[in-house]
Amino acid sequence: MNFSKCWLDYQPIKNVEKAFSTLSVSCSGTVVESAVQEYCLAMKAMTGSEPEVVRTESEEGVSLYLDSSLSGKDGYELRKKEKGYTVTGQSESGVLYGVFELLRLIRTEKLADLPLTGAPEMPLRIMNHWDNMDGSIERGYSGNSFFYKDYEIFYNERTEQYARMMASIGINAIVINNVNVHEKETYLITDTYLQRVKKYSDLFCRYGIRLYTSVNFAAPMELADFDNCDPLNPQVADWWKEAAKHIYECIPEFGGFLVKADSEGRPGPFTYDRTHADGANMLARAVAPYGGIVIWRCFVYNCGQDWRDTKTDRARAAYDNFIDLDGCFDDNVILQIKNGPMDFQVREPVSPLFGGLKKTNMILEVQIAQEYTGQQIDLCYLLPMWREILDFDTYAEGEGSTVLKIVKGELYGQNLCGMAAVINTGDDYNWTGNDLAAANTYGYGRLAMNPSQSPESIAREWTALTLGARVEEPVTDMLMKSWSTYEKYTSPLGIGWMVTPHYHYGPDVDGYEYDRWGTYHRADRNGLGVDRTPAGTGYTSQYNEPWPGIYADREKCPEELLLFFHYVRYDEKLKSGKTLIQHIYDTHFEGVEEVEAMIEAWRGLAPKLSADVYERVMERMERQLANAIEWRDRINTYFYRKSGAADEKGRKIYE
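Residues numbered from 1 in each chain as written. Predicted model: local features only at pLDDT ≥ 70, side-chain atom pairs only at ≥ 80, totals over all residues. Heavy atoms only, no water.

1. Looking at the sheet that holds strand 7 (residues 124-128)
- The parallel closed barrel is built from eight strands, whose spatial order is 7-10-11-12-13-14-15-16. Between one strand axis and the next, the sheet turns by 25 degrees as a mean value, whatever way the strands run. (Pairing = 2+ DSSP bridges. Helix = DSSP H or I, 4+ residues; strand = E, 2+ residues; numbered from the N terminus. Axes fitted to C-alpha atoms, helices over the stretch in contact; angles between N-to-C directions.)

2. Quick word on the packing of aromatic side chains
- According to the stated counting rule, one finds 36 aromatic pairs in the structure shown.
- Ring plane angle 65 degrees and centroid distance 5.7 Å describe the contact between Trp240 and Phe257, whose orientation is recorded as edge-to-face. One end of the pair, Trp240, is in helix 6 (residues 234-250); the other, Phe257, is in strand 12 (residues 256-259), and 17 residues separate them in sequence. Comparing Trp240 with Phe257 shows no difference in burial state: the two are buried.
- Ring geometry for Tyr395 versus Trp547: centroids 6.3 Å apart, planes at 70 degrees, classification edge-to-face. Here the residue Tyr395 occupies a position in the loop between helix 10 (383-391) and helix 11 (403-407), and Trp547 occupies one in helix 15 (residues 547-552), the gap between them amounting to 152 residues.
- Residue Tyr395 is classed as partly exposed on the basis of its relative accessible area, which comes to 25%.
- A relative accessible area of 16% places Trp547 in the buried class.
- In this structure an aromatic cluster arises from ring pairing among Phe3, Phe146, Phe147, Tyr148, Tyr155, Tyr162, Tyr200, Phe204 and Trp431.
- Just above the ring of Tyr85 sits the side chain of Lys80; from NZ or CZ to the centre is 4.9 Å.
- When the ring centre of Trp517 is taken as reference, the NZ or CZ atom of Arg516 above it lies at 4.1 Å. (Phe/Tyr/Trp six-rings, centres within 6.5 Å; stacked < 30°, edge-to-face > 60°. Buried < 20%, exposed > 50% of the residue type's maximum accessible area, 1.4 Å probe, protein only. Lys NZ or Arg CZ within 6 Å of the ring centre and 35° of its normal.)

3. Describing the environment of Ala288
- With respect to the helices and strands, Ala288 occurs in the loop between helix 7 (276-287) and strand 13 (293-297).
- In this structure Ala288 comes out as partly exposed when scored by relative accessible area, which is 40%.
- Along the chain, Ala288 and Asn321 lie 33 residues apart, while their C-alpha atoms are 25 Å from each other.

4. Let's talk about the nonpolar core
- If you look at the biggest cluster of nonpolar residues, it comprises 215 residues, and the most contacted ones within it are Met127, Phe204, Trp240 and Trp602.
- Element by element, the count of residues in this core is highest for helix 18 (residues 611-643), at eleven residues.
- Setting aside its immediate chain neighbours within four residues, Trp602 contacts Leu436, Val475, Met478, Leu609, Val613, Tyr614, Val617, Met618 and Met621. (Core = buried A, V, L, I, M, F, W, Y, C linked by side-chain atoms within 4.5 Å. Contact = heavy atoms within 4.5 Å.)

5. A look at the environment of Ala420
- Residue position: Ala420 is located in strand 16 (residues 418-422).
- A residue is classified by how much of its surface remains accessible, and Ala420, at 0% relative accessible area, is buried.
- C-alpha of Ala420 to C-alpha of Thr190: the two residues are 230 residues apart in sequence and 25 Å apart in space.
- Excluding residues that lie within four positions of it along the chain, Ala420 makes contacts with Ile126, Asn128, Gln336, Ile363, Leu364, Glu365, Val366 and Tyr444.

6. Section: the packing of helix 17 (residues 580-604) against helix 18
- At a closest axis distance of 9 Å, the pairing of helix 17 and helix 18 adopts a crossing angle of 165 degrees. The orientation of helix 17 with respect to helix 18, classified from their angle, is roughly antiparallel. As for how helix 17 packs across helix 18, the hand of that crossing is left-handed.
- Counted by class, the contact of helix 17 with helix 18 contains 21 nonpolar, four polar and four charged residues. (Parallel < 35°, antiparallel > 145°, perpendicular 65-115°, else oblique. Left-handed = near helix turned anticlockwise from the far one by under 90°. Nonpolar A, V, L, I, M, F, W, Y, C, P; charged D, E, K, R; others polar.)

7. So, the sheet that holds strand 2 (residues 52-54)
- Taken together, six strands build an open sheet; the order of strands is 2-1-3-5-4-6 and the sheet is mixed. Only two strands of the sheet have a single neighbouring strand rather than two, namely strand 2 and strand 6 (116-118). The mean angle between the axes of side-by-side strands here comes to 15 degrees, regardless of whether they run parallel or antiparallel.
- In the sheet, strand 4 (residues 76-81) pairs with strand 5 (residues 83-89) via six bridges, with the strands oriented antiparallel. Looking across to strand 5, one finds that Lys81 is bridged to Gly84.
- Packing against the sheet, helix 1 (residues 30-47) makes contact with strand 1 (22-25), strand 2 and strand 3 (60-66), and its axis sits at approximately 175 degrees to strand 1.
- The sheet contacts of helix 2 (residues 92-107) involve strand 3, strand 4, strand 5 and strand 6, and relative to strand 4 the element is tilted by about 50 degrees.

8. Considerations on the packing of helix 2 against helix 3 (residues 157-168)
- Look at helix 2 against helix 3: their axes get within 9 Å of each other, and the N-to-C directions meet at 85 degrees. Viewed along their axes, helix 2 and helix 3 adopt a mutual orientation that is roughly perpendicular. Across from Leu96, Tyr97, Phe100 and Arg104 in helix 2, the residues of helix 3 making contact are Arg164, Ala167 and Ser168.
- Residue composition of the contact of helix 2 with helix 3, grouped by class: four nonpolar, one polar and two charged.

Laid out in structure tokens, this is it:
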């Protein structure tokens with residue numbers, strides 16, 4: 001086996017209850033059978049013997065039941081009975097989720113928590129793959145694709161393991177190709193590849209997961225020699241209807257399309273003076289007869305900006321493009337909105353679209369792949385960030401209108417909502433390059449299933465399942481501190497970017513400062529930051545009150561976002577009493593010191609970890625330290641040269 005089993009690595013356990021040696025199954029279905037297989041596989045690994053499976057109801061052992069009256073779609077209930085345990089599911093997927101939950105409780109020695117009920121709190125829990133059919137992965141940091149190579153589609157033991165892993169954390173939708181759909185990938189919806197795509201769909205369906213593909217908006221031009229792709233052209237609409245009909249004939253369980261249009265050079269309806277609603281609805285009507293969904297990304301902005309223009313603001317773009325279309329999208333269209341207005345930076349405000357749209361299905365998009373947060377070299381546990389995003393109050397319907405209520409469907413009574421994440425897996429042995437980066441993969445699924453869980457409890461659970469209870473406390477501590485540490489030695493106070501262009505790893509303070517991407521810090525000899533108040537770009541006005549007044553007020557603005565919203569002089573004092581320039585110096589020195597402390601803590605765990613895991617993580621941490629030092633020295637030197645202000649503590653800053 002050339003891959004790790006990650007959190008599904010079932011290790012032998014002692015003193016296993018006799019009840020676990022029998023599994024009685026009084027329900028049926030393909031997903032139930034996956035639950036049975038998962039239970040048997042796990043118990044054989046943990047006890048050394050495969051449990052007896054009885055296809056009738058029994059008072060002894062573990063019993064699986066279906067009960068459609070159970071509350072919560074795909075919900076489950078676990079109970080202790082006199083001579084065993086019951087797992088009841090509202091659906092087949094509920095049974096599967098219940099079995100995975102029971103196995104977690106066994107492994108973490110928490111069976112005393114029973115009885116226990118659970119149900120997915122977000123309707124859609126999606127993984128977006130940015131895999132290309134040549135085998136590469138855009139923004140992939142853990143090897144090549146395990147779906148594709150040389151324009152062929154794999155199907156093997158590894159892809160089956162992947163489906164099991166995704167089901168175990170509650171994922172119910174997977175997009176199998178990059179949102180930037182290239183020439184060969186355009187053919188995924190044709191007979192060139194459909195039968196092989198069907199094999200993935202069949203696999204995913206066994207685990208309660210629906211398959212989606214990213215599609216090229218210009219497919220009729222590339223596949224059928226159309227001279228346009230105008231969404232209001234009846235012939236274009238008919239082409240998509242025929243394409244969808246054929247897809248669903250081949251793959252009845254097909255989920256639908258994910259679309260990146262009019263963004264970063266991708267084709268879309270703007271070419272024909274049409275709106276995003278025109279484009280999305282045309283596709284949505286093609287898949288609607290089959291229960292299909294169109295997910296339309298809101299990552300739309302001018303990527304040809306003039307750095308001299310201080311009024312055009314990339315942060316405004318998504319809101320400006322979509323707010324006037326609220327209520328114009330068909331019922332089976334979902335807008336996929338990035339967590340912030342820019343692009344997965346280490347710190348951004350929450351996208352104002354979540355507070356603006358009220359008549360449109362919405363999904364929150366986050367990025368597990370650490371494109372701007374260390375690329376799975378540097379440790380950066382992202383769940384604390386996502387927790388803050390979900391807890392953000394948009395005030396859309398008054399106080400308490402959190403992003404979480406929106407993506408759960410509570411605020412507007414929506415069923416097509418939830419979360420989507422750009423996943424971080426590849427064909428490396430450990431799936432995620434850095435073994436510890438798998439905590440983000442696992443954590444995303446667990447958070448989307450049950451967002452009432454704390455990031456710390458999820459970190460503890462992942463550590464216990466993956467690395468063992470002996471290191472649960474110190475590894476959890478490392479994970480919980482890592483986002484703050486990464487933020488300290490990179491870009492300060494929400495300014496973002498300052499990264500090496502294209503690669504996005506390592507510092508280059510002015511790398512994007514005079515470029516076309518709209519990612520500016522506006523540093524000069526007196527200060528830095530972007531004025532997004534009404535006197536500047538006006539971005540603050542896109543939020544509901546009280547946020548415009550808070551963000552536009554230099555004194556009230558949350559300090560961690562200060563430079564995102566304001567230009568601040570180097571000699572201005574922050575709430576800590578430090579000047580801005582001293583804060584920059586201090587945090588960058590602190591960040592390096594915290595990485596050094598992390599390495600020492602990891603060294604102390606060597607006797608409690610397998611040698612291969614220890615060495616792989618240590619190699620990444622040493623690279624992280626080198627990166628942190630480079631960030632510290634470049635940032636501090638840059639701003640010392642800009643400001644001429646010395647470090648009050650007299651530490652080494654290069655002139």
